[in-house]
Amino acid sequence: MAADGDWQKARLVERREETATAVTLVFEPEDWPGHLAGQHADLRLTAADGYTAVRSYSMAAPARDGLVEFTIQRVNDGEVSTYLCDDLPIGAYAEVKGPIGGWFVWRPTDTAPVLLVAGGSGIVPLQAMIRERRAAGSRTPFRLVYSVRTPADVIYADELLRPDPTGLETAILYTRRAPEGALRPPARIGLADLNSHGWPPDFQPACFVCGPNGFVETAAKALIALGHDSHRIKTERFG
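Criteria and cut-off values
- Residues numbered from 1 in each chain as written.
- Predicted model: local features only at pLDDT ≥ 70, side-chain atom pairs only at ≥ 80, totals over all residues.
- Heavy atoms only, no water.
- Salt bridge = Lys/Arg side-chain N within 4 Å of Asp/Glu carboxyl O.
- Helix = DSSP H or I, 4+ residues; strand = E, 2+ residues; numbered from the N terminus.
- Buried < 20%, exposed > 50% of the residue type's maximum accessible area, 1.4 Å probe, protein only.
- Pairing = 2+ DSSP bridges.
- Axes fitted to C-alpha atoms, helices over the stretch in contact; angles between N-to-C directions.
- Right-handed = clockwise from strand over helix to strand, strands pointing away.

S.K.: What should I look at first to understand the pattern of salt bridges in this one?
M.R.: It is possible for side chains of opposite charge to pair when their charged atoms get near one another. One pass over the structure, following the stated rule, counts 15 salt bridges. Between E79 and R55 there is a salt bridge, with its nearest N and O atoms 3.5 Å apart. Pair noted here: E79 is in helix α1 (residues 79–86) and R55 is in strand β4 (residues 52–58), with a separation of 24 residues, a long-range link. Assessed through its relative accessible area of 34%, R55 is described here as partly exposed. Note that E217 and R237 form a salt bridge whose closest N and O atoms lie 2.5 Å from each other. Here the residue E217 occupies a position in helix α5 (residues 213–225), and R237 occupies one in strand β11 (residues 233–238), the gap between them amounting to 20 residues. Given a relative accessible area of 37%, R237 falls into the partly exposed group. Ionic contacts of the salt-bridge type, sharing partners, join the residues E14, R16, E18, R64, E69, R131, R134, E159 and D164 into one network.

S.K.: Would you mind going over the sheet that holds strand β2 (residues 22–29) with me for this structure?
M.R.: Pairing between the strands of a sheet comes from backbone hydrogen bonds, and it takes one of two forms, parallel or antiparallel. Strand order in this open sheet of 6 strands is β4-β3-β6-β1-β2-β5, and the pairing throughout is antiparallel. Sheet topology places β4 and β5 (68–73) at the edges, where each strand pairs with a single neighbour. Neighbour-to-neighbour, the strand axes of this sheet turn through a mean angle of 40 degrees, independent of strand direction.

S.K.: I would appreciate a short explanation of the pairing of strand β7 (residues 114–119) in the present structure.
M.R.: Each regular strand displays side chains that alternate between the two surfaces of the sheet. In terms of residue burial, β7 counts as a mostly covered element, since 6 of its 6 residues are buried. Side chains of β7 alternate between two faces, with V114, L116 and A118 and L115, V117 and G119 buried alike. Across 6 bridges, β7 lies against strand β8 (residues 142–148) in parallel orientation. Paired with A118 across the bridge in β8 is Y146. One crossover worth recording links β7 to the parallel β8 by way of helix α2 (residues 123–136), and it is right-handed. For β7 and strand β10 (residues 206–212), the ladder comprises 5 bridges, and the chain directions are parallel. From the neighbouring strand, L116 faces β10, where its bridge partner is F208.

Dropping the structure here:
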């Protein structure tokens, strides 16, 4: 039995293409302890010559049947992401260590309204929260503001673009090309977007912001400018 924090072998059991550049990989670790929505884990690959590479990835879904899901965005010239997205075969093994992090998390026992703000692949830990809420049968008010370049870049499109029976409210913003008929022209996320699609500050929502550095800085500053309590804004960034 693996102790908490130890590396353990994890077999790849499922692969799902999300977009042209993002893939969901489902692993079966030897003895996964479970995790909270929003946490991440380390993945380690070891080559035949002993060379190792480690990267951190957010879990994309609640723990189920001992399985762990990661959605990985292919990075140009990235030695780990390209191998995971393109080459790791079903049945192959990697190593996993986690879960890691206890601050950027949401629990079904939390009852405050939630505002999720995602940029690109920053949707991954926020989608884990959405799925956790759904699995728990929670009716905590959730709103998602998701910024992507084009319609083809929407990760989890099958889930996010259809009506949600649990009351999740989703606004997808496009920065380079919007779908035909969209009322909002392509633009980076701004104050007006979060004012229109977020919760009013007096609702005291829990705000989770995840994405590239510049996106997170812009979104967090906009939320504060709108009057949100900085102590209720949690951020996770990459790049």
